[in-house]
Amino acid sequence: MMKYLAVLLFAVLLQLPQQQYATKTSIDEIIAQNKGKVIVIDYWASWCKPCRKEMPAMKSLMKKYKNSDIAFVFISMDIDQEKWKEAAEKEGIAEEPYSYMSFQIKKTELAKTIKGSSIPNYVIFDKNGILVNNNAPRPGKKLQAEIDKYLNQ
């Protein structure tokens, strides 16, 4: 009996971390959850040096728009979940409400709209959930102007 309980406990412990990161969410769900907000998506990867270099500027934008009708979404193109989690922690985005690792991005509708783009890639949806810019500028004054344009509509 003890041996059975030990095996069962071990199996449960192995599943807990996986369940924490096993939530699957679609872009449509993110848009629905943020109805009436501008949505800025940052496509990045742990191995992408330009992506990681832009993170501090993106975090500054997030701070600037903290009390605005805007949602920042981080979608990693990583394949290795551990490397994604480690990089997200290091960049300070692991605890953000919309920080994900993409699974099978090539099969999604959004992938078709950003086809040919490299990462980092920034995408903006307006307050109505309509994709308005599938190749937005990198974080800085130009992206800020783009965000402002849609916030003020």
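Just so it is clear, the structure is predicted and the values come from calculations on it, not from any experiment. (Residues numbered from 1 in each chain as written. Predicted model: local features only at pLDDT ≥ 70, side-chain atom pairs only at ≥ 80, totals over all residues. Heavy atoms only, no water.)

A word on helix H3 (residues 49–64)
Between the first and last C-alpha of H3 there are 24 Å, a value that for 16 residues agrees with the 22 Å anticipated at 1.5 Å per step. Its buried side turned inward, H3 meets strand S1 (38–44), strand S2 (70–76), helix H4 (81–91), strand S4 (121–125) and helix H6 (141–151). (Helix = DSSP H or I, 4+ residues; strand = E, 2+ residues; numbered from the N terminus. Expected span 1.5 Å × (residues − 1). Contact = heavy atoms within 4.5 Å.)

What to know about the pairing of S2
Within S2, 7 of the 7 residues are buried, leaving the element largely enclosed by the surrounding structure. Alternating residues of S2 divide into Ile-70, Phe-72, Phe-74 and Ser-76 and Ala-71, Val-73 and Ile-75, and every residue in both groups is buried. Taken together, the 7 bridges between S1 and S2 define a ladder with parallel strand orientation. Its bridge partner being in S2, Ile-39 is matched across the sheet by Ala-71. As defined by bridge partners, S2 adjoins strand S3 (residues 99–101) across 3 bridges and the pair is classed as parallel. Paired with Phe-74 across the bridge in S3 is Ser-99. For the crossover from S2 across H4 to S3, the handedness is right-handed. (Buried < 20%, exposed > 50% of the residue type's maximum accessible area, 1.4 Å probe, protein only. Pairing = 2+ DSSP bridges. Right-handed = clockwise from strand over helix to strand, strands pointing away.)

Considerations on the environment of Ile-79
Tracing the backbone shows Ile-79 in the loop between S2 and H4. Taking the C-alpha atoms as reference points, Ile-79 and Ala-45, 34 residues apart in sequence, are found 9.0 Å from one another.

With respect to the layout of surface pockets
Volume-wise, the second largest pocket comes out at about 210 Å³. Every residue along the wall of the second largest pocket is listed here: Asn-34, Lys-37, Met-62, Tyr-65, Lys-66, Ile-70, Ala-71, Phe-72, Glu-96, Pro-97 and Tyr-98. Here the lining of the second largest pocket gets 3 residues from one element, more than from any other, and that element is S2. Partitioned by chemical class, the residues of the lining of the second largest pocket number 7 nonpolar, 1 polar and 3 charged. (1 Å grid on protein atoms, 1.4 Å probe; cavity = no way out; pocket = protein on both sides within 12 Å on 5 of 7 lines; lining within 4 Å. Points joined across faces, edges and corners; volume = space filled by probe spheres on them. Nonpolar A, V, L, I, M, F, W, Y, C, P; charged D, E, K, R; others polar.)

Observations concerning the confidence of the model for the chain
Within the chain, residue pLDDT values average 80, and 75% of them lie at 70 or more. Note that pLDDT drops below 50 for residues 1–22; the model gives that stretch 3 contacts with residues more than four away or on any other chain. (pLDDT = per-residue confidence, 0-100.)

Focus: the packing of aromatic side chains
Within this structure, the stated rule accounts for 0 aromatic pairs. The ring of Tyr-65 has Lys-64 sitting right over it, with the charged end atom 5.1 Å from the ring centre. (Phe/Tyr/Trp six-rings, centres within 6.5 Å; stacked < 30°, edge-to-face > 60°. Lys NZ or Arg CZ within 6 Å of the ring centre and 35° of its normal.)

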